[in-house]
Protein chains: 2
Amino acid sequence: MGRPKQFDPDAAVEQAMQVFWRKGYAATTPQDLVDALGIGKGSLYNAFGSKHALFERALVRYRDGQAQALIDLLEQSGSVKDRLRDALRLLVELDLGDPDRRGCLAVNTAAERAMTDEAATELVRRMFDRTEGAFRALIEEGQRAGEVASGRDARAIGSQLLATAVGLRLLARVAEGPDRLSRVIDATIDSL
Amino acid sequence: MGRPKQFDPDAAVEQAMQVFWRKGYAATTPQDLVDALGIGKGSLYNAFGSKHALFERALVRYRDGQAQALIDLLEQSGSVKDRLRDALRLLVELDLGDPDRRGCLAVNTAAERAMTDEAATELVRRMFDRTEGAFRALIEEGQRAGEVASGRDARAIGSQLLATAVGLRLLARVAEGPDRLSRVIDATIDSL
DNA sequence: CAAATTTTGTACCCACAGTTCAAGAATTGA
DNA sequence: TCAATTCTTGAACTGTGGGTACAAAATTTG
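Everything numeric here is computed off the predicted structure, so don't read it as measured data.

Asks: It is not clear to me how the interface of chain A and chain B should be interpreted in this structure. Could you clarify?
Replies: In many analyses, interface size is given as the accessible surface area lost on bringing the parts together. Chain A puts 39 residues into the contact, and the matching count from chain B is 40 residues. Carbon and sulfur atoms make up 60% of the area that chain A and chain B hide from each other, which totals about 3600 Å². Its largest share of buried area at the contact with chain B, chain A owes to Val174(A), Arg180(A) and Arg183(A), together 17% of the area lost on that side. If you look at where chain A meets chain B, you find nine salt bridges. Here Glu132(B) ties to Arg183(A) by a salt bridge, and the two come within 3.0 Å at their closest N and O atoms. In this assembly, chain A and chain B are joined by 20 residue pairs in polar contact (both at pLDDT 80 or more). Breaking the side of chain A that touches chain B down by element, the ones donating at least two residues are α6 (105-113), α7 (118-144), α8 (154-174) and α9 (179-190) of chain A. It is α8(A) that provides the largest number of residues to the side of chain A that touches chain B, a total of 15 residues. Here the side of chain A that touches chain B is built from residues that sort into 18 nonpolar, eight polar and 13 charged.

Asks: Where do I start with empty space enclosed by the protein in this structure?
Replies: As enumerated under the stated definition, the model contains four cavities of 30 Å³ or more in all. If you add up the space inside the largest cavity, you get close to 60 Å³. Taken together, Gln160(A), Ala187(A), Ser191(A), Arg152(B), Ile157(B), Gln160(B), Leu161(B), Thr188(B), Ser191(B) and Leu192(B) make up the full set of residues lining the largest cavity. Here the lining of the largest cavity takes three residues from helix α8 (residues 154-174) of chain B, the largest share from any one element.

Asks: I keep staring at helix α4 (residues 51-74) of chain B and nothing clicks. Help me out?
Replies: Since the α-helix packs 3.6 residues into each turn, any two residues three or four apart lie on the same face. All names here are of chain B. With 24 residues, α4 should cover 34 Å at 1.5 Å per step; its first-to-last C-alpha distance of 34 Å lies within 8% of that length. Where α4 bends most, at Gln68, the angle is about 40°. Every buried residue belonging to α4 is among Lys51, Leu54, Phe55, Ala58, Leu59, Tyr62, Ala67, Gln68, Leu70, Ile71 and Leu74, and all of these are buried.

Asks: Looking at this model, I keep getting lost on the relation of the copies chain A and chain B. Mind explaining?
Replies: Both copies of the chain are related by one operation, a rotation about an axis with a shift along it. Once turned by 180° and shifted 0.0 Å along the axis, chain A lies on chain B with an RMSD of 0.1 Å. These values place the two chain copies in the arrangement generated by a two-fold rotation axis. No C-alpha of chain A lies nearer the rotation axis than that of Gly167(A), which sits 2.0 Å from it.

Asks: Help me understand the packing of helix α6 (residues 105-113) of chain B against helix α7 (residues 118-144) of chain B, please; the structure alone is not making it clear to me.
Replies: Residue and element names in this part refer to chain B. Two numbers describe how α6 lies on α7: the axes approach to 9 Å, and their chain directions differ by 140°. Judged on the interaxial angle alone, α7 and α6 are oblique. Relative to α7, the crossing made by α6 is left-handed. Contacts between α6 and α7 pair Ala106, Val107, Thr109, Ala110 and Arg113 from the former with Ala120, Thr121, Val124, Met127 and Phe128 from the latter. Of the residues that constitute the contact of α6 with α7, the class distribution is seven nonpolar, two polar and one charged.

Asks: Got a minute to help me understand the protein's contact with DNA strand C in this structure?
Replies: Near DNA strand C there are 24 residues, and of these Gln6(A), Gly40(A), Thr29(B), Pro30(B) and Tyr45(B) occur at the shortest range. When the atoms of DNA strand C within 4 Å of the protein are grouped by moiety, sugar and phosphate amount to 71% of the total. Gly40(A) is positioned such that a nitrogen or oxygen atom in its backbone is 2.9 Å from a phosphate oxygen of DNA strand C. Here Thr28(B) contributes a backbone N or O atom positioned 3.4 Å from a phosphate oxygen of DNA strand C. If you list the elements that add at least two residues to the surface near DNA strand C, you get α3 (41-48) of chain A together with α3 (41-48) of chain B. In terms of residues, the surface near DNA strand C owes the most to one element, α3(A), which gives four residues. When grouped by side-chain class, the residues that make up the surface near DNA strand C number seven nonpolar, 11 polar and six charged.

Asks: Hey, could you run me through the packing of aromatic side chains in this one?
Replies: Any two aromatic rings considered together are summarised by their centre-to-centre distance and by the angle between their planes. Across all of its chains, the model carries eight aromatic pairs over all chains by this definition. Ring centres of Phe20(A) and Phe55(A) lie 4.9 Å apart, and the angle between their planes is 70°; on these two criteria the pair is classed as edge-to-face. Highlighted residues: Phe20(A) in helix α1 (residues 9-23) and Phe55(A) in helix α4 (residues 51-74), separated in sequence by 35 residues. Each of the two residues, Phe20(A) as well as Phe55(A), counts as buried. Note on Tyr25(B) and Phe55(B): the rings are 4.8 Å apart at their centroids and 55° apart in plane angle, and the pair reads as tilted. With Tyr25(B) in the loop between α1 (9-23) and α2 (30-37) and Phe55(B) in helix α4, the pair connects residues that are 30 residues apart, well separated along the chain. Like Tyr25(B), the residue Phe55(B) is buried in the burial classification. An aromatic cluster is defined as three or more aromatic residues linked by ring pairs; in this entry it consists of Phe20(A), Tyr25(A) and Phe55(A). Over the ring of Tyr25(B) we find Lys51(B); its NZ or CZ atom is 4.4 Å from the centre of that ring.

Asks: Teacher, can you tell me more about the environment of Thr109(A) here?
Replies: Structurally, Thr109(A) is set in helix α6. Linking Thr109(A) and Arg89(A), residues 20 residues apart in sequence, is a C-alpha distance of 23 Å.

Parameters at a glance
- Residues numbered from 1 in each chain as written.
- Chains lettered and ligands numbered in written order.
- Predicted model: local features only at pLDDT ≥ 70, side-chain atom pairs only at ≥ 80, totals over all residues.
- Heavy atoms only, no water.
- Contact = heavy atoms within 4.5 Å.
- Buried area = accessible area lost by both parts, 1.4 Å probe.
- Salt bridge = Lys/Arg side-chain N within 4 Å of Asp/Glu carboxyl O.
- Polar contact = N/O pair within 3.5 Å; in protein donor to acceptor, adjacent residues only side chain to side chain.
- Helix = DSSP H or I, 4+ residues; strand = E, 2+ residues; numbered from the N terminus.
- Nonpolar A, V, L, I, M, F, W, Y, C, P; charged D, E, K, R; others polar.
- 1 Å grid on protein atoms, 1.4 Å probe; cavity = no way out; pocket = protein on both sides within 12 Å on 5 of 7 lines; lining within 4 Å.
- Points joined across faces, edges and corners; volume = space filled by probe spheres on them.
- Expected span 1.5 Å × (residues − 1).
- Bend = angle between axes of the 7 residues up to and from the residue.
- Buried < 20%, exposed > 50% of the residue type's maximum accessible area, 1.4 Å probe, protein only.
- Least-squares fit on C-alpha atoms with pLDDT ≥ 70 in both.
- Axes fitted to C-alpha atoms, helices over the stretch in contact; angles between N-to-C directions.
- Parallel < 35°, antiparallel > 145°, perpendicular 65-115°, else oblique.
- Left-handed = near helix turned anticlockwise from the far one by under 90°.
- Near = heavy atom within 4 Å.
- Phe/Tyr/Trp six-rings, centres within 6.5 Å; stacked < 30°, edge-to-face > 60°.
- Lys NZ or Arg CZ within 6 Å of the ring centre and 35° of its normal.

Here it is as structure tokens:
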């Protein structure tokens, strides 16, 4: 019943996510979104209700795509240290390879929207929780395999790795080259 | 000659810094600044020229005050690990004690303004450089004192500590309690 | 084909961001 | 005291942010 949408909502959310990622929430205007999505303002508000609602959908999409990708990487096979190093290296490579240097949308959102946007903050918190959990699981696996000293607190190391990854992606936003970021990875692996 | 200013420019920049810190750059309006500074709009623009110019002055003030404070802390006396732990703990304590949970202005600015604000980005870069240098110097001191393994690359550990501190302050913006942040500190000290 | 729904894009709206300006007030020097 | 100078205040201005209203058009169901 009724006329079907002329555009793919998923593709539209994807485009919106790209814009929010590049410009941040406050600096993104409805006009930016209309331009990027290639639909009229009326369609945009009819389909998504508000700028903020669209932002939330963009965050969810980010979580299910980008944020999940890191976790998947960590759950592959191979030596624990190798997997961790590879994952962090890929992160740095992607960040520095991005001409817009957008870093991580979750990190940027935490910085910009914490305390004023409960929905966004909660989504970001959950993403951080999951990432920390994946790091912790990896460390526990490393301990079982004898790659990581069993005496250390796997949960604490998981938190530490989360902080490092978050710091890495924030630093990537202003980094002039790969050197500092590479050093972070080296020292991180070396400290396990 | 001429009518003297009715307000203290330093105090005004301090107030502006507090507002930018709490709300971010884009979300801070001239009206917010006028309210916080207690002066008229005309005076504001007469004294500082533009919102952006005032933001730069606020960042410089942050660098000379807040950012320098951490570096000073690291240069005190005592065991290297104790100093590092104390400094990180103080950071977490301040962040969680702040009712607005503003985190670090340099970190927030990197997230919000990188790639669109060269002056701000450059200021933030320099702050990160200095902090990294202070961490590195601390590690080198620890190596001379036999507190830190001499075989490890002090520069890399310095970078790693910078990433950790940055991540810590970003996480503080969305943290629900001190647990995760405390674990980060424990694992960090434990890894030296 | 008719009826019912939904989409679309344009036009429109109000508030406010960011800035400028004119008029007046305080100061110093002559 | 006048002139020159620098500051203050608040009104005014321009552009845009974020969103709504609407009429026309497009599809689906029956």
